[in-house]
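Coordinate inspection notes
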Amino acid sequence: MVISKDEALQFALAFAAREFKESKVRLCPEDAKVRVENTGFGYSSLGMSKVHWSVLIPIKSNDPSVAAIDPDFVIALVSDDGSKTCWFPVM
């Protein structure tokens, strides 16, 4: 891997923060989980490098009228060199 686990986390958090800038949803980076993926859906369908990072970021609502969010996380994929970041589709 060209970039470290911590660098992958920072790429993913920056990507997610831009997307959620105007949202009533808050990212919870302190609870994020990072792991290495080897091939899989990100590689075969999303155009990521064969080996890439998967970053699961929990989210919470800032809207008091929302009791629960389902799913309560987002997943960003980061290429092994940090040149590409994309969402992993979560239902």
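See the structure above.
Structure report, in brief. No experiment lies behind these values; they were computed from the predicted model shown. What you see as residue numbers is a count from 1 along each chain, following the sequence as written. The predicted nature of this model means local features are confined to residues of pLDDT at least 70 and side-chain atom pairs, given and counted, to a pLDDT of 80 or more, with totals for whole chains, interfaces and linings taken over all residues. Calculated side-chain values reflect all of the structure's heavy atoms, with hydrogen atoms and water omitted.

Description of the pairing of strand 3 (residues 51-61)
If DSSP finds at least two bridges between two strands, the strands pair. Starting at the N terminus, helices and strands are each numbered in turn, a helix being any DSSP run of H or I of at least four residues and a strand any DSSP run of E of at least two. Bridge analysis of strand 1 (residues 25-27) against strand 3 gives 3 bridges, and the strand direction is antiparallel. The partner of Arg26 across the bridge, within strand 3, is Lys60. With 6 bridges joining them, strand 2 (residues 33-38) and strand 3 adopt antiparallel strand pairing. If you follow Glu37 over to strand 3, its bridge partner there is His52. Pairing between strand 3 and strand 4 (residues 73-79): 7 bridges, direction antiparallel. When the bridges of strand 4 are listed, Trp53 appears paired with Val78.

Here we look at the nonpolar core
Only buried residues count toward a nonpolar core, which is a set of Ala, Val, Leu, Ile, Met, Phe, Trp, Tyr and Cys residues joined through side-chain atoms within 4.5 Å. Each residue is placed in one exposure class: buried if its accessible area under a 1.4 Å probe, protein chains only, is under 20% of its type's maximum, exposed if it is over 50%, and partly exposed if it falls in between. Core analysis: the largest hydrophobic core is formed by 17 residues, its most contacted members being Ala12, Leu27, Trp53, Val55, Ile57 and Val74. Put simply, the parts of the chain that give this core at least two residues each are helix 1 (5-19), strand 3 and strand 4. The biggest single contributor to this core is helix 1, with 6 residues. Among residues more than four places away in sequence, those in contact with Val55 are Ala8, Leu9, Ala12, Lys33, Val34, Val74, Ile75 and Ala76. Two residues qualify as a contact provided that any one of their heavy atoms is within 4.5 Å of a heavy atom in the partner residue.

Overview of the pairing of strand 5 (residues 85-88)
Here strand 4 pairs with strand 5 via 4 bridges, running antiparallel. Residue Ala76 lies in a different strand from strand 5, and its bridge partner there is Trp87. Here strand 4 folds back onto strand 5 in antiparallel fashion, the turn holding 5 residues, of which Gly82 has a positive phi close to 80°.

Purely spatial values, then, with no claim about function.
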